[in-house]
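# Close look at the chain arrangement
Spelled out, the chains give:
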Amino acid sequence: MPPEPDVKQPLLEVKGLVKHFHVGGGILGSPGGTVRAIDGIDFTIRRGETLGLVGESGCGKTTTGRCILRLEQPTGGRIVFEGRDITALGEVELRSVRRRMQVIFQDPYSSLNPRMSIGEILAEPLQVHGIVKDKAKRADRVRELLEQVGLLPRHAERYPHQLSGGQRQRVGIARALAMEPSLIICDEPVSALDVSIQAQIINLLEDLQARYHLTYLFIAHDLSVVRHISDRVAVMYLGKMVELADRQALYENPLHPYTRALLSAVPIPDPRMEARRERMVLRGEVPSPLNPPTGCVFHPRCPVAVGRCSAEIPPLREIKPGHWAACHLA
Ligand code: SF4
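In what follows, the accompanying structure is described. Just so it is clear, the structure is predicted and the values come from calculations on it, not from any experiment. (Residues numbered from 1 in each chain as written. Predicted model: local features only at pLDDT ≥ 70, side-chain atom pairs only at ≥ 80, totals over all residues. Heavy atoms only, no water.)

Along the protein, the regular secondary structure elements total eleven helices and twelve strands. Computed over its C-alpha atoms, the radius of gyration of the protein comes to 21 Å, within 12% of the 20 Å expected for a compact globule of 330 residues. Along the first, second and third principal axes, the C-alpha atoms of the protein reach 70 × 50 × 45 Å. In the protein, which comprises 330 residues, the proportion classed as buried is 47%. Sequence separation of at least 24 residues holds for 63% of the intrachain contacts in the protein that already meet a minimum separation of 6. Accessible surface for the protein amounts to roughly 16300 Å². Of this, 52% is attributable to carbon and sulfur atoms. (Helix = DSSP H or I, 4+ residues; strand = E, 2+ residues; numbered from the N terminus. Rg over C-alpha atoms; globule rule 2.2 N^0.38 Å. Buried < 20%, exposed > 50% of the residue type's maximum accessible area, 1.4 Å probe, protein only. Contact = heavy atoms within 4.5 Å. Areas by Shrake-Rupley, 256 points an atom, 1.4 Å probe, with all protein chains shown as cover.)

Ile173, Leu205, Phe218 and Leu223 are the most contacted members of the largest nonpolar core, which has 58 residues in total. Ranked by residues supplied to this core, first place goes to helix α6 (residues 165-178) with six residues. In contact with Leu205, other than residues within four places in its own chain, are Ile104, Ile173, Cys186, Tyr216, Phe218 and Ile229. By size, the runner-up hydrophobic cluster in this structure holds 31 residues, among which are Leu12, Val14, Ala37 and Leu94. (Core = buried A, V, L, I, M, F, W, Y, C linked by side-chain atoms within 4.5 Å.)

Take the sheet that holds strand β4 (residues 76-81) next. Overall, antiparallel pairing links the four strands, which are arranged β2-β1-β4-β5 in an open sheet. The open sheet has two edge strands, β2 (33-46) and β5 (84-85), and neither has a second partner. Where β4 and β5 come together, two bridges link them in antiparallel fashion. Note on β5: the bridge partner recorded for Phe81 is Arg84. (Pairing = 2+ DSSP bridges.)

Let's shift gears to the pattern of salt bridges. In the structure shown here, the tally under the stated rule is 15 salt bridges. Its salt-bridge partner being Lys240, residue Asp39 comes within 3.6 Å of it at the nearest N-O pair. Of this pair, Asp39 sits in strand β2 while Lys240 sits in strand β10 (residues 240-246), and the two are 201 residues apart along the sequence. Note that Glu49 and Arg232 form a salt bridge whose closest N and O atoms lie 2.6 Å from each other. Pair noted here: Glu49 is in the loop between β2 and β3 (50-54) and Arg232 is in strand β9 (residues 232-237), with a separation of 183 residues, a long-range link. Take Glu49: its relative accessible area is 6%, and that puts it in the buried class. Overall, the relative accessible area of 9% leaves Arg232 in the buried class. (Salt bridge = Lys/Arg side-chain N within 4 Å of Asp/Glu carboxyl O.)

Here we come to the environment of Ile319. Structurally, the position occupied by Ile319 is in strand β11 (residues 317-320). In this structure Ile319 comes out as partly exposed when scored by relative accessible area, which is 29%. Along the sequence, Ile319 and Leu255 sit 64 residues apart, while their C-alpha atoms lie 8.7 Å from each other. Beyond its immediate sequence surroundings of up to four residues, Ile319 is in contact with Leu255, Trp324, Ala325 and Ala330.

Across all of its chains, the model carries zero disulfides by this definition. Free cysteine: Cys67, not disulfide-bonded; nearest cysteine sulfur from Cys59 at 13 Å. (Disulfide = S-S within 2.5 Å.)

With 14 residues, helix α5 (residues 135-148) should cover 20 Å at 1.5 Å per step; its first-to-last C-alpha distance of 20 Å lies within 8% of that length. Turning to α5, its buried residues number three or more, namely Arg138, Arg141, Val142, Leu145, Leu146 and Gln148. Summarising the axial view, the buried residues of α5 lie within an arc of 155°, below the 170-degree limit, and thus occupy one face. Turned more than 90 degrees from where α5 packs its buried face, Ala136 and Lys137 sit exposed. Where α5 begins, the capping side chain belongs to Asp134, and its oxygen is found 3.1 Å from the backbone nitrogen of Ala136. (Expected span 1.5 Å × (residues − 1). Arc of directions from axis to C-beta. Polar contact = N/O pair within 3.5 Å; in protein donor to acceptor, adjacent residues only side chain to side chain.)

What follows is about a nonpolar patch on the surface. A surface patch of nonpolar side chains, amounting to about 230 Å² of accessible area, comprises Val304, Val306 and Leu329. The topology assignment puts Val306 in the loop between α11 (271-276) and β11. Residue Val306 is classed as partly exposed on the basis of its relative accessible area of 37%. (Patch = residues over 30% accessible without salt bridge, like charges linked within 9 Å, V, L, I, M, F, W, Y side chains within 5 Å.)

A separate point is unusual backbone geometry. A negative phi angle is the norm for most residues apart from glycine, just as the trans form is the norm for most peptide bonds. Phi angles above zero are rare outside glycine, and Arg70 is one such case at about 60°. With respect to the helices and strands, Arg70 occurs in the loop between α1 (61-68) and β4.

As a further point, take the pairing of strand β6 (residues 101-104). Side chains Met101 and Val103 project from β6 onto one buried face, and the interleaved Gln102 and Ile104 project onto a second face that is buried too. Note: β6 against strand β7 (residues 183-187), four bridges, orientation parallel. When the sheet's bridge partners are listed, Val103 is paired in β7 with Ile185.

Turning our attention to helix α4 (residues 118-128). Where α4 is concerned, the buried positions are Ile118, Gly119, Ile121, Leu122, Ala123, Pro125 and Leu126. Contacts from the buried residues of α4 go to α5 and α6. Positive backbone phi, approximately 65°, marks Gly130, located one or two places after α4.

Here it is as C-alpha cells:
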C-alpha cells in the first residue's frame, strides 16, 4: 500500500490555463478565427481529494483534462504536477509524468483494442513501462488488477466485445490502476452506463481512492453525477470557471446563476419536493466559443442579468472562505 499522502499539499496546480484553437476559413469564404476553448482558469487539486468539474458540452472541461494530460499543448498558463512544472516538458520527459497521471474515458470500448484479450490489454502497459518484467509475475498482477475492480480471473481470457459496458469500464479502471498513478482524470466515466451501473462504478472509484490514496479530477456534464463522489466542485461555462466551492456549500448555497440553473435540472428523488420546487430553465444554447459574448459570457442566458453584465467581465472572487464565484451580483 502506498504511503499516506500529505493532504495539505496540492497534487496539481492549474494557473491561468488558456487553450485557443485557430480555425481556418471555410470553403464558402467564412473568415475563420479563434476558438477560446479555455480562457484563463485556475484551480488546485489537493492530494487524496476528488474535484468535480462540471459544465455543458463545449464548456472546455474535456479540453482542460487533455491539457493537464498534455494531450493538448496549452496556449498559455502553467500546469504544476507533483511540484513540477510540466507545461513545457518534451515527449521523453513526459513519459514518466504520464505514468503518474491516468485517464478513464466515457467509452472504454473505443480505447480497448478489440483484437486483444483483457489479460493482454492489462499486461501490455506493465511490460511496456517495465513495471513488472517477469511474465509469470505479470499474469499474477493482471489477476490482482481484475480482482481489485471486481472482475474474475476468467475475464482475462475474454475480449472487449464479450463484456458488458460496466465490465468494460472496470477494465478501463484496471488499466489505469496498472500504472500506479497518483492522479486519475475521469472523463465522464459513467455517462454511457445505465443508472444502476453508474452507482456501482462510482462506489468502486471511491473504494479504490480510499485503498490507494488516489486523487481524481471527475469531469461530468451534470451536477447529479459528481454530487456523491466530489469533495469540491468547479463549474465551467464557455471556457471560464464560474464557481468553485466545497460540495456542501455548492449544492446548498450556489452563488452563480448558472450553477443554480444546473442544479434546478437535477431531479429530486422525493416526488412531493420535486413537484414543489421552482425550475430555472436557461434560454437558448451555449454561445459559440468562436465569438463569445462581451462582459460576462453568461449574460445572454442569465435570468438576473443587469446592465453592467454585458460590458464588464466579472472576476472569479472568493465570496466566502473557499467559495469562489464570478458574478457581479454574488
Ligand atoms: Fe448573470 Fe451578470 Fe452574474 Fe453574469 S455577472 S451571472 S450576467 S448577474
